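Close look at the chain arrangement
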Amino acid sequence: MDAYIELLKQLIQTQSFSKEEEPAAELVRNVLRSHNIPFETKKNNTWARNQNWQEGLPVVLLNSHVDTVRPGKNWTKDPFGALLEGDYLYGLGSNDAGASLVTLLAVFIHFNSQDKLPYNLIYAASAEEEISGPNGMESLIEELGAIDLVIVGEPTQMQMAIAEKGLMVLDCVAHGKTGHAARNEGENALYKGIEDIQKLRDYQFEKTSEVLGEVKLSITQINAGYQHNVVPDQCSFVVDVRTNEHYSNQKAFEIIDSLIGSEVKARSFRLNSSGIELDHPIVKRGMDLGLTYYGSPTTSDQAVMPFRSIKIGPGDSARSHTADEYILISELKEGFKTYVSLLDGLRLG
């Protein structure tokens with residue numbers, strides 16, 4: 001793993017914000033070149049197929065992302081410093097998701113030249129995951145062709161996230177009429193907005209998921225008024241909606257829209273909840289290896305994939321997007337072993 005640890009250091013040292021991933025993508029491509037592995041590209045995405053590809057076999061996609069969020073203000077270490085202190089490697093994107101990206105690359109190269117794999121392999125290093133952008137994994141769906149299983153590399157402590165919540169952001173507007181604050185005039189849109197916010201706070205969706213729990217509604221922004229003595233005629237607020245597998249984003253939108261009086265608009269319906277069956281071969285193989293499974297509250301590129309997928313990778317989601325983000329070198333090495341063991345014993349169809 002030493003070469004891939006060095007690659008991760010280089011990735012940390014290379015600024016790779018969403019939509020600006022080209023230098024980081026080139027680092028991944030250089031590794032593929034060094035192993036004489038042909039690859040394809042589309043914008044800042046890179047993918048490669050295993051050397052002994054056989055038509056008719058199931059296809060397994062190994063995927064993680066090259067982009068990072070921007071560093072916050074509370075870092076005490078250089079976000080791009082790739083500082084190694086004992087087992088700790090600090091740096092932006094080290095945990096989310098550079099560790100998974102390089103470990104899955106090591107796994108792909110490990111299996112690449114084997115001539116009796118019971119499936120075909122694709123490795124894809126995709127872009128724009130952190131912003132759910134259209135030029136990332138979503139743009140590769142037709143390029144990659146039919147996929148039977150995706151292993152999505154994200155920090156899960158190498159446990160199996162067999163489901164993840166969907167994400168929908170709603171822009172809501174309560175309408176009123178302006179009037180002088182000193183007189184009994186107008187219709188206060190702020191009060192209307194607060195009433196609707198309270199309804200959303202109290203509302204519980206009927207169906208609860210065994211692994212993902214309840215649909216979660218969070219009011220994250222509110223804005224109203226422009227002058228202290230004018231009754232506001234408009235109050236806008238934003239709702240963060242995390243759906244479980246029982247509700248499509250469209251269905252959740254319809255329920256919320258019927259519940260409140262405010263005007264409701266969804267920014268997108270794209271990022272729906274996803275999941276995989278407990279009796280799927282990859283889940284059964286993981287349980288045979290002693291891995292546990294859970295439902296993930298965070299959203300990843302799984303949300304735009306029309307394929308069966310499981311999320312698993314080295315690191316801890318609690319470190320993602322935090323100051324002084326880090327990965328343990330031991331987590332990388334253990335992650336490699338676990339990925340290889342999962343794929344060694346995997347039989348699809």
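Residues numbered from 1 in each chain as written. Predicted model: local features only at pLDDT ≥ 70, side-chain atom pairs only at ≥ 80, totals over all residues. Heavy atoms only, no water.

Moving on, we come to empty space enclosed by the protein. On inspection of all chains with the given rule, the structure shows one cavity of 30 Å³ or more. There is about 120 Å³ of room inside the largest cavity. Together, 17 residues line the largest cavity, and Leu-11, Val-66, Thr-68, Leu-92 and Gly-93 are the ones closest to its centre. Those elements giving two or more residues to the lining of the largest cavity turn out to be helix H1 (2-12) and helix H3 (94-112). (1 Å grid on protein atoms, 1.4 Å probe; cavity = no way out; pocket = protein on both sides within 12 Å on 5 of 7 lines; lining within 4 Å. Points joined across faces, edges and corners; volume = space filled by probe spheres on them. Helix = DSSP H or I, 4+ residues; strand = E, 2+ residues; numbered from the N terminus.)

Now for unusual backbone geometry. Most peptide bonds adopt trans geometry, and most residues besides glycine take a negative phi value. The omega torsion across Asp-96 and Ala-97 is -5°, close enough to zero to call that bond cis. For Ala-97, the position within the fold is in helix H3. Its identity is not glycine, yet Ser-132 carries a phi of approximately 50°, on the positive side. The residue Ser-132 is located in the loop between strand S6 (120-126) and helix H4 (141-144) in this model. The phi dihedral of Met-158 falls on the positive side, at around 60°, and the residue is not glycine.

Attention shifts here to the sheet that holds strand S5 (residues 88-90). What links the strands of a sheet is backbone hydrogen bonding, and the strands pair in either a parallel or an antiparallel sense. Read from one edge to the other, the open sheet built from three strands follows the order S4-S5-S16, with strand pairing classed as antiparallel. Unpaired on one side and paired on the other, strand S4 (83-85) and strand S16 (326-328) mark the two borders of the sheet. Between one strand axis and the next, the sheet turns through 20° on average, direction left out of account. Sheet topology places S5 next to S16; three bridges connect them, and they run antiparallel. Following the sheet pairing, Leu-89 is matched in S16 by Ile-327. Packed on one face of the sheet, H3 meets S5 and S16 and runs near 40° to S16. Those strands touched by helix H8 (residues 329-344) are S4, S5 and S16, and its axis lies near 60° from that of S16. (Pairing = 2+ DSSP bridges. Axes fitted to C-alpha atoms, helices over the stretch in contact; angles between N-to-C directions. Contact = heavy atoms within 4.5 Å.)

Quick look at the UniProt feature "domain: Peptidase M20 dimerisation" (unreviewed entry) in the chain now. In the numbering used here, UniProt assigns the "domain: Peptidase M20 dimerisation" (unreviewed entry) feature to residues 162-264. Counting secondary structure, residues 162-264 comes out at 24% helix and 33% strand; the distance between its end C-alpha atoms is 31 Å. (UniProt positions renumbered as here; feature names shortened; annotations may be inferred.)

We now examine the packing of H1 against H3. Axis separation between H1 and H3 bottoms out at 10 Å; the angle between their running directions is 145°. Remark: the crossing between H1 and H3 carries right-handed chirality. Taking contact as the criterion, the partners of Tyr-4, Leu-7, Leu-8, Leu-11 and Ile-12 in H1 are, on H3, Ser-94, Gly-98, Ala-99, Leu-101, Val-102, Leu-105, Ala-106 and Ile-109. Taken together, the residues of the contact of H1 with H3 break down into 11 nonpolar, two polar and no charged. (Left-handed = near helix turned anticlockwise from the far one by under 90°. Nonpolar A, V, L, I, M, F, W, Y, C, P; charged D, E, K, R; others polar.)

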